[in-house]
Amino acid sequence: MFKKEFLFGVSTAAAQVEGDDGTQGRGKSIWDTFCDEGRIYKNQTAKISVDHYNRYEEDINLMADLGVNAYRFSTSWSRLLPEGIGAVNQKGIDFYNRLIDTLLKKNIQPILTLYHWDLPQALSEKGGFENPDFVKWFTEYSALVADKYGDRLKTVISFNEPINIINSGYKSGVFAPGKQLGDEGILKCILHMHKAHGECSQILRAKIKDLQLGLAVSTFEEYPVATDEKTLACAKKRFFEKDNPAESVDVYLDPLYFGEYPKRIYEKYPAFQEVAEKADLKKYVGNTNIIGYNNYSGMPIDSRGEEVKNYLLAEYTDMCGTVDPNGMYWGIKFLTERYKSPLYITENGVATQDWMFDDGKVHDVNRCEYLKRHLAVVSKLLEEKMDIRGYFVWSFTDNFEWIFGYSKRFGLVHINYETLKRTPKDSYYWYQEFIAKNKTTK
Ligand code: GCO
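Each value, and the rule that gives it
- Residues numbered from 1 in each chain as written.
- Predicted model: local features only at pLDDT ≥ 70, side-chain atom pairs only at ≥ 80, totals over all residues.
- Heavy atoms only, no water.
- Pairing = 2+ DSSP bridges.
- Helix = DSSP H or I, 4+ residues; strand = E, 2+ residues; numbered from the N terminus.
- Axes fitted to C-alpha atoms, helices over the stretch in contact; angles between N-to-C directions.
- Buried < 20%, exposed > 50% of the residue type's maximum accessible area, 1.4 Å probe, protein only.
- Contact = heavy atoms within 4.5 Å.
- Salt bridge = Lys/Arg side-chain N within 4 Å of Asp/Glu carboxyl O.
- Near = heavy atom within 4 Å.
- Polar contact = N/O pair within 3.5 Å; in protein donor to acceptor, adjacent residues only side chain to side chain.
- Areas by Shrake-Rupley, 256 points an atom, 1.4 Å probe, with all protein chains shown as cover.
- Nonpolar A, V, L, I, M, F, W, Y, C, P; charged D, E, K, R; others polar.

Chemist: Give me the lowdown on the sheet that holds strand β1 (residues 7-11), citing residues and values where you can.
Modeler: The eight strands lie next to each other as β1-β2-β3-β4-β5-β7-β9-β10, forming a closed barrel whose pairing is parallel. Across the sheet, the mean angle separating the axes of adjacent strands is 25° when strand polarity is ignored. Note: strand β9 (residues 343-348) against strand β10 (residues 388-394), four bridges, orientation parallel. Bridge pairing in β10 links Ile345 to Tyr391.

Right, dumping it as structure tokens:
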């Protein structure tokens, strides 16, 4: 049973949808640089993308027809502060004002993500997350957002998917800015992110009454294949802990809830313990009061802590992940049990091969089925009295899927990238019906 306050939403991110024809006063981000360097599928770029910057009204009208009561979007840091700090781009400020006001007029709650991977290039050139000044920079940026939009916000996500920001961006280097640091360097980046989150939590709390603030994590989606104690314990351990600190969920969330990093990190990197304790993350504990959880798959784990590789039987998404809602079920249980916090499913969705049929429609039956299975999990967890406050489909429209460019489609709304025409897919109508049936007013 979905409560009246439950948020049925859709999710996007600035760098993936906004576009920029060069006249908007926006500074470059690290993803523009990645595009310039030809690191994207078929040399595609995010220059036009889906032109949400100019077409946000049409998009919000479609959201309103869909029946969602929340839209999770991100602000582009370099649109507001082209150099990351200092001079403000008034056109950028105005854009998000228009966006937020249009949403509110349609009774759609704006859920703002501060950092969805698009670090200003100017700051990346100064070291980005590696530079201790990152904390100051991010504080300046979040203070601006709080000041300009705080009066209309209730829920804010600071960082989206630290695993991708830090591991993919600074360790494996497959994502912008493409760095490859060792563990000591990585831990420094993580600490700077946590300090930045802590400082921004103080700033936002001072401006926004009853703020809900969290960080959105993604995981490797491990879940137990059976519910005996041993299997459960193995799956849980694998879910939270990895040898690689930059892939570990507990490394990202423990500091926000307990004010310290997991013991095994301090044991393995004693020099880091000293630096981390000096940073005194304990003073921010209590400021983070929601978990954002992005889920896309599931990975079955047996009683030896090994992955059950049932790949021959699996159903696959167009990202080559498997379709397995057990991952979401257990992920939510594990996260809320450890951190005793309400949770939002900030992203859930699937890339499929979507074709425009001769009848002018996009019959994406697999996406309908995917959503149905996952929303069934949400309903089940709500029946079990889990404190889930919202569910956001990734993504509202097809968009720029990072290094995969436009070759992967995640949207409820199809985009023709030549004309930018929006066509709601069958899944849009499926979700519309689901919301209409399940939204409660009491
Ligand atoms: C993520 C990001 C999104 C992606 C989506 C599909 O979860 O990786 O938040 O920006 O586009 O997940 O890969």
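Chemist: Outline the side chain of Ser76, supporting the account with residue identities and numerical values.
Modeler: Relative to the helices and strands, Ser76 is located in the loop between β2 (70-74) and α4 (77-80). Residue classification places Ser76 among the buried residues on the basis of a relative accessible area of 2%. Filtering out sequence-adjacent residues up to four positions away, Ser76 remains in contact with Ala14, Glu18, Arg26, Tyr96, Asp118 and Tyr141.

Chemist: Go over the pattern of salt bridges, please, and point to the residues and values.
Modeler: Applying the stated criterion to the full structure yields 35 salt bridges. One salt bridge connects Glu315 with Arg373, and the closest N-O pair in it is separated by 2.8 Å. One end of the pair, Glu315, is in the loop between β8 (299-301) and α14 (326-339); the other, Arg373, is in helix α15 (residues 365-383), and 58 residues separate them in sequence. In this structure, Asp354 engages Lys425 in a salt bridge whose closest nitrogen and oxygen atoms are separated by 2.6 Å. Residue Asp354 is found in the loop between β9 and α15, and its partner Lys425 is found in the loop between β12 (422-424) and α16 (426-438); the two are separated by 71 residues along the sequence. This pair shows no difference in class: Asp354 is buried, exactly as Lys425 is. One connected set of salt bridges, linked through shared partners, spans Asp354, Asp364, Arg367, Asp398, Arg409 and Lys425.

Chemist: A description of the site of the ligand should follow, citing residues and the corresponding values.
Modeler: Contacts to the ligand come from 13 residues, most closely from Gln16, Glu161, Tyr296, Glu347 and Glu401. Between the ligand and Asn160, the relevant distance is 2.9 Å, taken from an oxygen atom to a side-chain nitrogen or oxygen of the residue. In the environment of the ligand, an oxygen atom lies 2.9 Å from a nitrogen or oxygen atom belonging to the side chain of Tyr296. Relative to its unbound accessible surface of 310 Å², the ligand loses 92% to contact with the protein. Partitioning the shell around the ligand into residue classes produces five nonpolar, five polar and three charged.

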